[in-house]
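Summary of structural features
Residue-level listing of the chains:
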Amino acid sequence: MPPWYKDLLSNLKNLVNVDVKDFLKSEVNNYHITVNLQAPLIQVDPKTKKAIINLGALPPEFPREKIQQLIRDAVLKEDHLLIEEHAAQTIDEFRQTETETNVLSVLKELTEYVTPTDLIILRASLYLREKFKKGESIKTLKEDIIYRYGDRGRKITNLCSAGYFEKTIIPLLKEMKTDHRFSKEKFIQTYNLIVEESGFAVFVSGRMGDAKVESEIVDKIKSNIKYGVPFIHIHGLGTENIKKIRSAIDGKLVKMTGVEKTSDEKTGNAIYIRLELDPDKFEAA
Amino acid sequence: MAKKVITFDDSARNHVMASFGLTADNDGYLVEKTNRSNRVISINGDPIKADRLASIKKGSLQLFNSDLPSLIQLADRLK
């Protein structure tokens, strides 16, 4: 029994005459602090061996400074981790994700090539993707990544959710490695180009209106042709985004000369379209 | 989650903050009770909103925000 918890029980007994006999006997491995006016002071779950300490049921004469000191001692003197319950759950889920084969395989290939910052973004993105696959909401988690890492965070997350690391970046790395001129720096340069330019792709997000989707795709087509990239990839996640993409392609793009759709894959709620671009024939509608 | 863990829920947040001499300023950011003009910072150097305080760890009092990248950093420190 950790000293802080022993002290808590001891103080409850001595200062406010709470009967703590049963709690002293209970086997407890973890602790939870809550404030609940309807629940008892301490509850021990015999299955989870968790002691739920309800500060809302502390007798009014129990000194609040005492409980604060015990929490402080638990962290600073006894090296307990004090963590909000949802954050603890996220960490457990995240750790579970990192045992999955498809996640491990991406990290194994790329860890030595990406910066520590990009590695955190990638790990976060892979976790996001696993949650999305399970149908869970990822909006706040994605915002977390973008808040902390800005545009680069957004780009890596988008590339990850579109499967680009497995479909393009890792195969590219493997291909480059077969060349005797391969160097780590060369791959990193190419990788950065893919990330920074998100070179071949348009990612359709929830906030983009129909006209914006169309203009993004047209602009990307023109830009790719200008820089000699003979194709464009279009990705969308979600039913509404798929509608917007189809509307843009069927509405305007089908009339453009030198633009040909060569792939159109819909998997669940995700769409991927590849357009081949012929700069010699290209003419905007 | 490792042993020697104490979780708390939102209802106990103020108690947790008070245990470390912390409170929220008018904009909701964590400040020291004895020095309200100075916002305390997370291990990433950012000020933390009280409702996004995820964790407190020993080590000159390490504070972690609840955003995903920060939780990944915390997970790595707990290995």
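What this report covers is the structure whose coordinates are included nearby. (Residues numbered from 1 in each chain as written. Chains lettered and ligands numbered in written order. Predicted model: local features only at pLDDT ≥ 70, side-chain atom pairs only at ≥ 80, totals over all residues. Heavy atoms only, no water.)

**Digging into unusual backbone geometry**
Residue and element names in this part refer to chain A.
- A positive phi angle, near 60°, is found at Asn17, a position not held by glycine.
- Counting through the fold element by element, Asn17 comes out in the loop between helix H1 (3-16) and helix H2 (21-25).
- You will see that Lys49, though not glycine, has its phi angle at about 55°, which is positive.
- As for its position among the elements, Lys49 is in the loop between strand E2 (42-45) and strand E3 (50-54).
- According to the relative accessible area criterion, Lys49 is partly exposed, its value standing at 24%. (Helix = DSSP H or I, 4+ residues; strand = E, 2+ residues; numbered from the N terminus. Buried < 20%, exposed > 50% of the residue type's maximum accessible area, 1.4 Å probe, protein only.)

**A word on the nonpolar core**
- Formed by 49 residues in total, the largest nonpolar core has its most connected members in A:Ile83, A:Leu110, A:Leu122, A:Phe165, A:Phe187, A:Tyr191 and B:Leu68.
- With 8 residues, the top contributor of residues to this core is helix H6 (residues 116-133) of chain A.
- When neighbours within four sequence positions are excluded, A:Tyr191 is seen to be in contact with A:Val114, A:Asp118, A:Arg152, A:Ile156, A:Phe165 and A:Ile169. (Core = buried A, V, L, I, M, F, W, Y, C linked by side-chain atoms within 4.5 Å. Contact = heavy atoms within 4.5 Å.)

**Some words on the packing of aromatic side chains**
All names here are of chain A.
- Applying the stated criterion to the full structure yields 6 aromatic pairs over all chains.
- Considering the side-chain rings of Tyr113 and Phe187, the 5.2 Å spacing of their centres and the 75° angle between planes classify their relative orientation as edge-to-face. Note that Tyr113 is positioned in the loop between helix H5 (101-110) and H6 and Phe187 in helix H9 (residues 184-197), a separation of 74 residues in sequence.
- Classification of Tyr113 by relative accessible area gives buried; the value is 7%.
- Positioned over the ring face of Phe231 is Arg274, at 4.1 Å from the centre of the ring. (Phe/Tyr/Trp six-rings, centres within 6.5 Å; stacked < 30°, edge-to-face > 60°. Lys NZ or Arg CZ within 6 Å of the ring centre and 35° of its normal.)

**Some details on the interface of chain B and chain A**
- Listed per partner, the contact involves 40 residues of chain B and 41 residues of chain A.
- For the pair chain B and chain A, the summed buried surface comes to about 4000 Å²; carbon and sulfur atoms form 61% of the total.
- Taking the shortest distance from any N to any O, the salt bridge between B:Arg52 and A:Asp144 comes out at 3.2 Å.
- By residue number, the principal contributor to the side of chain B that touches chain A is helix H2 (residues 68-77) of chain B, which donates 9 residues.
- Here the residues of the side of chain B that touches chain A sort into 20 nonpolar, 10 polar and 10 charged. (Buried area = accessible area lost by both parts, 1.4 Å probe. Salt bridge = Lys/Arg side-chain N within 4 Å of Asp/Glu carboxyl O. Nonpolar A, V, L, I, M, F, W, Y, C, P; charged D, E, K, R; others polar.)

**Some details on H5(A)**
Residues and elements named next belong to chain A.
- The complete set of buried residues in H5 reads Val103, Val106, Leu107 and Leu110. One face of H5 carries all of its buried residues, which in axial projection span an arc of 95°. Turned more than 90 degrees away from the buried face of H5, the exposed residues are Thr101 and Lys108. (Arc of directions from axis to C-beta.)

**Section: the packing of helix H7 (residues 139-161) of chain A against H2(B)**
- Between H7(A) and H2(B), whose axes approach to 7 Å, the crossing angle comes to 85°. When the axis of H7(A) is compared with that of H2(B), the two are roughly perpendicular. In this structure, H7(A) uses A:Leu141, A:Asp144, A:Ile145, A:Arg148 and A:Tyr149 to contact H2(B), whose residues at the interface are B:Leu68, B:Pro69 and B:Ser70.
- Residue composition of the contact of H7(A) with H2(B), grouped by class: 5 nonpolar, 1 polar and 2 charged. (Axes fitted to C-alpha atoms, helices over the stretch in contact; angles between N-to-C directions. Parallel < 35°, antiparallel > 145°, perpendicular 65-115°, else oblique.)

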